[in-house]
Amino acid sequence: MSKEKTLMDFVKQAKSQIQEVDIVEVGALINEGYQVLDVREPAEFLSGTIEGALNVPRGILEPAADRQNPGHREELMDRDKKWLLLCASSGRSAMAAAVLQEMGFTNIKNINGGMNAWKAALLPVTKPEQ
């Protein structure tokens, strides 16, 4: 009988397949053309995020990024667009980054530590308009 997997097993597996960046690198990457993709839930996103972030919650990421899905998001159709993935602590965004890579995205980086690390470093937080 196989061992039951935990959330952290999935996060560790995802992190082994993706590239992560520290929060101190985010500003330079944004200047290089990367955009933040915040995969937190809408209430989390509205409580504060990184300037210019796009919110696509983790739970609807695959349909939003699927070119064959009639409900896809146009912002996610360019597989070469540069994305920095963000969630609260970097677990959900790591899993999202791994999935996006499997879907053909070529410029995906995960923000290690997520919004918790961003806030702990006292970096600027913006509240999106509702």
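Scroll up to find the structure this text is about.
Residues numbered from 1 in each chain as written. Predicted model: local features only at pLDDT ≥ 70, side-chain atom pairs only at ≥ 80, totals over all residues. Heavy atoms only, no water.

Take the sheet that holds strand β5 (residues 107–111) next. Spatially, β1-β5-β4-β2-β3 is the arrangement adopted by the five strands of the open sheet, whose pairing is parallel. With one partner strand each, in any of the chains shown, β1 (20–21) and β3 (54–55) form the two edges of the open sheet. Across two bridges, the pairing between strand β2 (residues 35–38) and β3 is parallel. When the sheet's bridge partners are listed, D38 is paired in β3 with N55. (Pairing = 2+ DSSP bridges. Helix = DSSP H or I, 4+ residues; strand = E, 2+ residues; numbered from the N terminus.)

Turning next to the pattern of salt bridges. Scanning the model with the defined rule gives six salt bridges in all. In this structure, E44 engages R92 in a salt bridge whose closest nitrogen and oxygen atoms are separated by 2.9 Å. Here E44, found in helix α3 (residues 42–46), pairs with R92, found in helix α5 (residues 91–102); they are 48 residues apart in sequence, far enough to count as distant. A residue is classified by how much of its surface remains accessible, and E44, at 25% relative accessible area, is partly exposed. By relative accessible area, which is 26% here, R92 ends up partly exposed. (Salt bridge = Lys/Arg side-chain N within 4 Å of Asp/Glu carboxyl O. Buried < 20%, exposed > 50% of the residue type's maximum accessible area, 1.4 Å probe, protein only.)

Turning our attention to unusual backbone geometry. One non-glycine residue, S90, lies in the positive phi region at around 100 degrees. For S90, the position within the fold is in the loop between β4 (82–86) and α5.

Counting residues in hydrophobic clusters, the biggest one holds 23 residues, and the most contacted among them are L37, L76, W83, L85 and L100. At the level of secondary structure, the elements contributing two or more residues to this core comprise α1 (7–15), α4 (61–65), β4 and α5. The greatest single-element share of this core, amounting to six residues, is contributed by α5. In terms of nonpolar packing, the next biggest core, distinct from the first, is built from 14 residues, I23, V26, A53 and W118 among them. (Core = buried A, V, L, I, M, F, W, Y, C linked by side-chain atoms within 4.5 Å.)

Bringing the pairing of β5 into the picture now. Along β5, four of the five residues are buried, which leaves the element largely enclosed by surrounding structure. Where β1 lies against β5, two bridges are found, and the strand directions are parallel. Its bridge partner lying in β5, V21 is registered against I111. Sheet topology places β4 next to β5; four bridges connect them, and they run parallel. If you follow W83 over to β5, its bridge partner there is I108. Taken together, β4, α5 and β5 form a β-α-β motif whose crossover is right-handed. (Right-handed = clockwise from strand over helix to strand, strands pointing away.)

Our next topic: the packing of aromatic side chains. By the definition in use, this model includes zero aromatic pairs. The ring of W83 carries the charged tip of K81 above its face, separated from the ring centre by 4.9 Å. (Phe/Tyr/Trp six-rings, centres within 6.5 Å; stacked < 30°, edge-to-face > 60°. Lys NZ or Arg CZ within 6 Å of the ring centre and 35° of its normal.)

A few words now on helix α2 (residues 23–31). Those residues of α2 not exposed but buried are I23, V26 and L29. The buried side chains of α2 occupy one side of the element, clustering within an arc of 85 degrees when seen end-on. In this structure, α2 carries V24 and N31 as exposed residues pointing more than 90 degrees from its buried face. Tucked into the core, α2 has its buried residues touching β1, β4, β5 and α6 (114–120). Just downstream of α2, G33 is the residue with a positive phi angle, here 105 degrees. (Arc of directions from axis to C-beta. Contact = heavy atoms within 4.5 Å.)

That is the geometry; function is a separate question.
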